[in-house]
Amino acid sequence: MSGKNIFLGLLLVAIVAAILTLRPESPDAEIARNLARKANLAESTRNIESPGIFRISDSLIAERDAVGDTWMLSQGNYSTLVDLPFPPPRDGVFPIGESVDDTDQRSNPGYLGADVCAECHRDRHKGFVETAHHLTSGRVVPGGIHGHFDGPGSGLATSDAALSFKMSNLEDRLVQTVSYDDWHLDIPMDVFTGSAKSGQTMLYWHGDGLYQTHVSYLTKVDSWIKSPGYDDTVAVYSRVIRDSCLECHITFIKRKQAPNFYHRDSAVLGISCERCHGPGETHVQYHRKFPEEKTSKHIIQPSDLTRQQQLEICAQCHSGSFKLLSDAFSFVPGQKLSDHHKAIESSASGASGVHTSNQLTRISMSECFQQSEMTCTTCHNPHENQRGNTKVFTQACIQCHQVEHCGMSAELGNKIVDDCIRCHMPLAKNADMQGAGADLLSVEMVDHYIRVVKEEL
Ligand code: HEC
Ligand code: HEC
Ligand code: HEC
Ligand code: HEC
Ligand code: HEC
Ligand code: HEC
Ligand code: HEC
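Criteria and cut-off values
- Residues numbered from 1 in each chain as written.
- Chains lettered and ligands numbered in written order.
- Predicted model: local features only at pLDDT ≥ 70, side-chain atom pairs only at ≥ 80, totals over all residues.
- Heavy atoms only, no water.
- 1 Å grid on protein atoms, 1.4 Å probe; cavity = no way out; pocket = protein on both sides within 12 Å on 5 of 7 lines; lining within 4 Å.
- Points joined across faces, edges and corners; volume = space filled by probe spheres on them.
- Helix = DSSP H or I, 4+ residues; strand = E, 2+ residues; numbered from the N terminus.
- Nonpolar A, V, L, I, M, F, W, Y, C, P; charged D, E, K, R; others polar.
- Near = heavy atom within 4 Å.
- Polar contact = N/O pair within 3.5 Å; in protein donor to acceptor, adjacent residues only side chain to side chain.
- Buried < 20%, exposed > 50% of the residue type's maximum accessible area, 1.4 Å probe, protein only.
- Contact = heavy atoms within 4.5 Å.

**Some points on empty space enclosed by the protein**
Within this structure, the stated rule accounts for 3 cavities of 30 Å³ or more. Empty space within the second largest cavity amounts to approximately 50 Å³. If you go around the second largest cavity, the residues you meet are Val 191, Leu 203, Trp 205, Leu 210, Leu 246, Ile 250, Ile 253, Ala 267 and Leu 269. Sorting the residues of the lining of the second largest cavity by element identifies strand S11 (199-206), strand S15 (250-257) and strand S16 (261-269) as the ones contributing at least two each. Each residue belonging to the lining of the second largest cavity can be placed in one class, and the counts come to 9 nonpolar, no polar and no charged.

Quick look at the structure:
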């Protein structure tokens, strides 16, 4: 790899770290802490005969971290390693894993997924399947996710020539092959998160444990990159996916055991209608039984709720970082969100990042919001993909404003008619990420604090 390529590679890595920076806890800190602890542990047990250490090949040693119950594969030089939630198999074949005891008895409260609604709400479903909500997670199938699986774009090198990754389609299964020295392992890509607006991160099952893969996809450059917060030469496949992460990206999953063991078959992927309308099972059963019934039963119509309750439907996932106070997936529209979520203070700023932006707090600061009954659906129709459709959003402004009332209309005339957004809701950088590298580490998103933005002039 040339110096320039390495530089570009590092640049990408930094960009994605920012774009996909995950919440609620910083993966950088979490991963760094774990690995430092493991390296220390390994150092101190290195020369001791123990069942937690075995040799994989002439150069590679596998060591178990009893505390985290993960395995580390290294050459004894801990700056390059592979971290796995199971003992590294010598033959490169992915181990299937076991089921854990079912200690969590929560059952699906009636989430069916959006496709069931199509039976009677065809038009609404047709528009909905194009939205980022519907597309934000799903089962990985060949052709169903972004990224290259053969040719030069299908690999990811690291700054250590001994460690590299290759994405490929092995008999209709998409895998990431991690190669370290003379050892390799095919890790399946089972579930994707992200509609690929900025990127996609893949998850995989080992038994009924759900983990994040090391390699992610970055849309801007159409390339594979290491997952956000990860080190270049530390291949982490042991990062657990908690339900607090899934809560914003899927409709429902039934957990077996903390932190990351699930009933795999219970997963309803994508964000379906039901996260805004409530579980649909009873509604569907009722209307199938009484097809003549024209008045809806057993489903939540958001416009019957109070303004605050309507806002909280969206705030489930669009009000910055939070701590869960109740079981994941237990909030139903109409309930009080504060009984389920505790906001994490630092995210209430103007922060604009994929996982730090807080549209509710920002829009609440606007005169428009304070002096009207505006909700999120004043501008957003959740049943259609409206991304980039400035005209539609401008129409929303015109519901309450006249073009002539804009201080710039005399000067700019027709030029402002189609686009109020660029001046009054400009793209904002992440205020929480100032300092070195701020430009790389920030994602531009629309600032929902509607106002006259002086500095844009
Ligand atoms: C077997 C037919 C059927 C299925 C399947 C069905 N619905 Fe309905 N739904 C109806 C009927 C009938 C109405 C009342 C007439 C109308 O508003 O279209 C209705 C109305 C609604 C309303 C409007 C409520 C109101 O008070 O205005 C919502 C929201 C709704 N359904 C959501 C869903 C969701 C979400 C699903 C999938 C989980 C779903 N429906 C599946 C038949 C069905
Ligand atoms: C509080 C809700 C919330 C949580 C928790 C959350 N996300 Fe997100 N995530 C979002 C939102 C909202 C966006 C999109 C913001 C935007 O419009 O660009 C997003 C964006 C993403 C994207 C980029 C999507 C794209 O299309 O570019 C990925 C990938 C992603 N999240 C993965 C994860 C993973 C993995 C976790 C858990 C470790 C997680 N998220 C936790 C709300 C959440
Ligand atoms: C992100 C939240 C969200 C999702 C997802 C969503 N809806 Fe809605 N839906 C709403 C809101 C909010 C309203 C209330 C009307 C409004 O404010 O636009 C609504 C209104 C409706 C209505 C009543 C329309 C009327 O005339 O009042 C029906 C029927 C409906 N949705 C069905 C569905 C179906 C079917 C799906 C999935 C295919 C779906 N919705 C997905 C938020 C959502
Ligand atoms: C269960 C969590 C959840 C709920 C509830 C939810 N959203 Fe989202 N929303 C997301 C996630 C996650 C994304 C990012 C999807 C992606 O790009 O992968 C998103 C993306 C969006 C986008 C960007 C769409 C695009 O094309 O880029 C808008 C706008 C949006 N949501 C508005 C709303 C509104 C309005 C409501 C309430 C009516 C709402 N959301 C409810 C999780 C949610
Ligand atoms: C639901 C009604 C409603 C909508 C929709 C709406 N506004 Fe407003 N807006 C108001 C009200 C009410 C005020 C305060 C009184 C006034 O200035 O007219 C206001 C004030 C403003 C102000 C002056 C703010 C200040 O701090 O002095 C601007 C600029 C503005 N709106 C722009 C917009 C733009 C741009 C949009 C579309 C993105 C929009 N508004 C959408 C109702 C609305
Ligand atoms: C006055 C109009 C208006 C209202 C009200 C509004 N939004 Fe937006 N929102 C926009 C515009 C304009 C965009 C940029 C969309 C685009 O260009 O695709 C946007 C984008 C978004 C995005 C995509 C990420 C980004 O920032 O680009 C999310 C998520 C979102 N809005 C959520 C919400 C939520 C949640 C609410 C309610 C708390 C809300 N919005 C209220 C106008 C509005
Ligand atoms: C080229 C940038 C630009 C565009 C486009 C633009 N505005 Fe403005 N708008 C401004 C500026 C600058 C001011 C403040 C003017 C002043 O103080 O004299 C303003 C002021 C306003 C105000 C506040 C008036 C007051 O005195 O309270 C409203 C309301 C408004 N704009 C609405 C809109 C609407 C609606 C649109 C879209 C049809 C729009 N603007 C498009 C730049 C713009």
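**Considering the site of ligand 2**
As a matter of local geometry, ligand 2 sits amid 21 residues, with Ser 198, Cys 245, Cys 248, His 249 and His 355 nearest to it. Within the contact set of ligand 2, an oxygen atom lies 2.8 Å away from a backbone nitrogen or oxygen of Lys 197. Take Ser 198: an N or O atom from its main chain is 2.5 Å from an oxygen atom of ligand 2. Its residues placed into classes, the shell around ligand 2 shows 9 nonpolar, 10 polar and 2 charged.

**Brief notes about the environment of His 341**
Secondary-structure assignment places His 341 in strand S18 (residues 341-343). Judged by its relative accessible area of 10%, His 341 is buried. In sequence terms His 341 and Ala 328 are 13 residues apart; their C-alpha atoms lie 9.8 Å from each other. Setting aside anything within four residues of it in sequence, one finds His 341 in contact with Glu 247, Gln 316, Phe 322, Lys 323, Leu 324 and Leu 325. Reaching out from His 341, the side chain makes a polar contact with the side chain of Glu 247 at a distance of 3.3 Å.

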